[in-house]
Amino acid sequence: MFRRIGNTLLLVTLLAGMTWTGMALDPEPARAYHSYEERLLNTTAYSLHRRRVRLGLMQLSYGIIDQLQVTTYTMPWILGAIFQDVAPNVELKSTFFDRRRLALSASIGFLTGTVAQIDDSKVRYFLLPIALASSVRINSDVSVHLGTRFTAVTGGTDAQAGDDPVAGAAVVDFLQLWGMAEWRLSRVVAFTFTVRWVPYVSDVVVNGSLGGNPSADLQLQAAVDDLRNAFAIIPGFVFSWDHANIRLGVGYSDFFVDGFYLIIPGDVLSNVAPEFDIFVRF
Amino acid sequence: MFAGVLGSCNSLDVPPAPNLQPVLEAYANPTAVVGSVIMSEVADEIAQAAEEIEDSKIFEEILEVIIDIQEELDQSTNEDGDLVLDATCSGGSNAGSACAADGDCPEGKCEGGVTLPSPTGVIQVNYICPGWDERQFEPGYDADPDPANGTMNLTMTLDSAGIGRVVWGTATTCRYLVPGEGESFEASYDGGVAVDLGDTVPTGEDIAELLVTFVLEGNIGFDGDDFRIKESFRVILADSEGLEILVEVEVPESDPPETETFNYFFQGSTEVLRDANGVIGCSLEESRCFDESGTLFSW
């Protein structure tokens, strides 16, 4: 337990340190302020240019080439360390088209980890998100961004509940659509209005087994009605200063968890859908 | 590619259940008109089938497996009808044991696991038969099941209302003991199994109280003798003296060959025949059928 808390503190310290280091000691001048070059990366088709870095509380990104960015989300590492093991995750995003007013991107990633159960068994999970996004610059101040993400989720457990061994794997897929309008009010402040919607969630399919004699191999299907048609409407702001950037928004309805690619039904968080990040780019 | 692989796993593969509707229809509407000619042909067959079915208690062995699985599912189902797998009690007197709801954990909470809201699907049941070792009846006997004693593999379906009415599969030289007065008898079954539970069985319903229709095709072994069975019969597990057999007879000179059916009931010492004309009493031992006015026909 102490080791786990120690790991978590170490991770948080490292992240805060990296962000602070990025703010104070960036080798190149920090490229903040909203500009033609410096565009929002999340929920848009844009990605970091070559050798550019984005260090933030929520994600760390690096531009491998002008058209390809690699990202890892921090929350899965931190929460993974708290609940069992760190949760490795990587997302590659390519802005394969960016001319005139239009940009198009595709991304693919993975997230995997384990969650400890009360009975010391582990639930393993693996997520595979694939996304397409487009961004249209209507004028120098206003942009519109549209995208879709398909996420395949599979999980499994080898458990021992009471006297009955239970093992199995579950699979569920879901599709998310989003749209975001971005209005640059000044070179520091940009207003964003984001709408997210989940038009499709497959039924959960569980392949499992109950032990003992008789034993049973289960192949079951269950509807996930709570997530079907999940949505969020999130007005927010992105502040961009010399060094620091802050993204801040509070929306209504379901909470789309960045980095986990999952959705927390609105009634869990009283229909509050937060959006927050603090980051530097250089 | 991964998405394709994952997506391909995301569907159920439910095998089709055998169609028992013609059998159920035959029970409901007997078509044969039974007289002395028919009874002289089938009386011995009815008597032998009844004896082998009742002696071997094969229906009990099959139903006990279904009931075991039903109990497992019931224990894993919460009050909303959701299936809760791998949840355990945290704290309280049942700490660490399996649970489906907080009510299963006095002074504790039911946590963890996976909750499946109103699941549907298929359950493949694999049962290793108990064999002929008398020690299985001794208190505390806990030997590992031995596949050499044969197996029973059954398929059940699950829908939001409960266990599907048809359960089917095979028994492969399934050996078990039938307790008798002072001694146990070695019994076995090898063949196909199809069971109709009458309706979808919701959580908590006592299968032992249901009128269950069996269709068996295979070999029953009992106390050293083998008996070929290709029969449908009905029992209520809680009613140890009741048995209803579906009797199939060929229509004479029909081309192509046609069959008709009637029902023969055993209830303790009482025997009843139900054919297309109605219900009459019979006695296989006395080789006659009768009504209130006396003997109708004999053979």
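None of the values given here were measured: they were computed from a predicted structure.

Side note on the overall build of chain B
For chain B, the helix and strand inventory stands at 4 helices and 17 strands. Judged by the C-alpha coordinates and their principal axes, chain B covers about 70 × 50 × 40 Å. Burial status across chain B gives 36% buried among its 299 residues.

Topic: the overall build of chain A
A tally of helices and strands in chain A yields 2 helices and 16 strands. Relative to its 282 residues, chain A shows a buried fraction of 40%. Across chain A, contacts joining residues at least 24 apart in sequence account for 55% of those joining residues at least 6 apart.

Concerning the environment of phenylalanine 227 of chain B
Residue and element names in this part refer to chain B. Tracing the chain through its elements places phenylalanine 227 in strand 11 (residues 225-236). Put simply, phenylalanine 227 and phenylalanine 297 are 70 residues apart on the chain and 29 Å apart in space, counted from C-alpha to C-alpha. Ignoring any residue separated from it by four or fewer positions in sequence, one finds phenylalanine 227 in contact with Gln48, Glu52, Asn219, Ile220 and Phe222.

Re the confidence of the model for chain B
Atomic detail in the predicted coordinates should be set aside for any region of low pLDDT. Predicted confidence across chain B gives a mean pLDDT of 89, with 96% of residues reaching 70 or more. Scoring of the predicted complex yields 0.75 for pTM and 0.81 for ipTM.

A closer look at the pairing of strand 11 of chain B
Two faces belong to every sheet, and in a regular strand the side chains alternate between them. Residues and elements named next belong to chain B. For strand 10 (residues 211-222) and strand 11, the ladder comprises 12 bridges, and the chain directions are antiparallel. Pairing of isoleucine 220 across the sheet is with phenylalanine 227, part of strand 11. With antiparallel pairing between neighbouring strands as the criterion, strand 10 and strand 11 make up a hairpin whose turn holds 2 residues, including aspartate 223 at a positive phi of roughly 55 degrees. Pairing of strand 11 with strand 12 (residues 242-250), which is carried by 3 bridges, proceeds in the antiparallel orientation. The residue bridging arginine 234 from the neighbouring strand is glutamate 244, located in strand 12.

Quick word on the environment of leucine 48 of chain A
Residue and element names in this part refer to chain A. Inspection of the secondary structure assignment puts leucine 48 in the loop between helix 1 (2-25) and strand 1 (53-56). Accessibility expressed as a C-beta count within 10 Å gives 23 for leucine 48, which makes it buried. Separated by 47 residues in the primary sequence, leucine 48 and threonine 95 place their C-alpha atoms 9.0 Å from one another.

Digging into unusual backbone geometry
Residue and element names in this part refer to chain A. Cis peptide bonds are those with omega within 30 degrees of zero, and the linkage from asparagine 213 to proline 214 qualifies with 10 degrees. Unlike most non-glycine residues, serine 253 shows phi in positive territory, near 95 degrees. If you trace the backbone, serine 253 turns up in strand 13 (residues 244-253). Judged by local crowding, serine 253 falls into the buried class, with 21 C-beta atoms found within 10 Å.

Let's talk about the confidence of the model for chain A
When pLDDT is averaged across chain A, the result is 81; 80% of the residues are at 70 or more. Confidence drops under a pLDDT of 50 for residues 1-31 of chain A, and excluding neighbours within four residues, the segment shows 36 contacts in the predicted structure.

Considering helix 3 (residues 36-56) of chain B
Residue and element names in this part refer to chain B. For helix 3, spanning 21 residues, the distance from its first C-alpha to its last is 29 Å, which sits close to the expected 30 Å at 1.5 Å a residue. Largest kink in helix 3: about 45 degrees, centred on valine 42. For helix 3, the full list of buried residues reads Ile38, Met39, Val42, Ala49, Glu52, Ile53 and Ser56. Lysine 57 occupies a position one or two residues after helix 3 and carries a positive phi of about 50 degrees.

What to know about the environment of isoleucine 64 of chain A
Residue and element names in this part refer to chain A. Relative to the helices and strands, isoleucine 64 is located in strand 2 (residues 59-65). Between the C-alpha atoms of isoleucine 64 and arginine 51, which are 13 residues apart in sequence, the distance is 6.0 Å. When sequence neighbours within four positions are dropped, the list of residues in contact with isoleucine 64 reads Gln69 and Val70.

About the cut-offs
Residues numbered from 1 in each chain as written. Chains lettered and ligands numbered in written order. Predicted model: local features only at pLDDT ≥ 70, side-chain atom pairs only at ≥ 80, totals over all residues. Helix = DSSP H or I, 4+ residues; strand = E, 2+ residues; numbered from the N terminus. Buried ≥ 20, exposed ≤ 12 C-beta atoms within 10 Å, placed from the backbone. Contact = placed C-beta atoms within 7 Å. pLDDT = per-residue confidence, 0-100. Pairing = 2+ DSSP bridges. Expected span 1.5 Å × (residues − 1). Bend = angle between axes of the 7 residues up to and from the residue.

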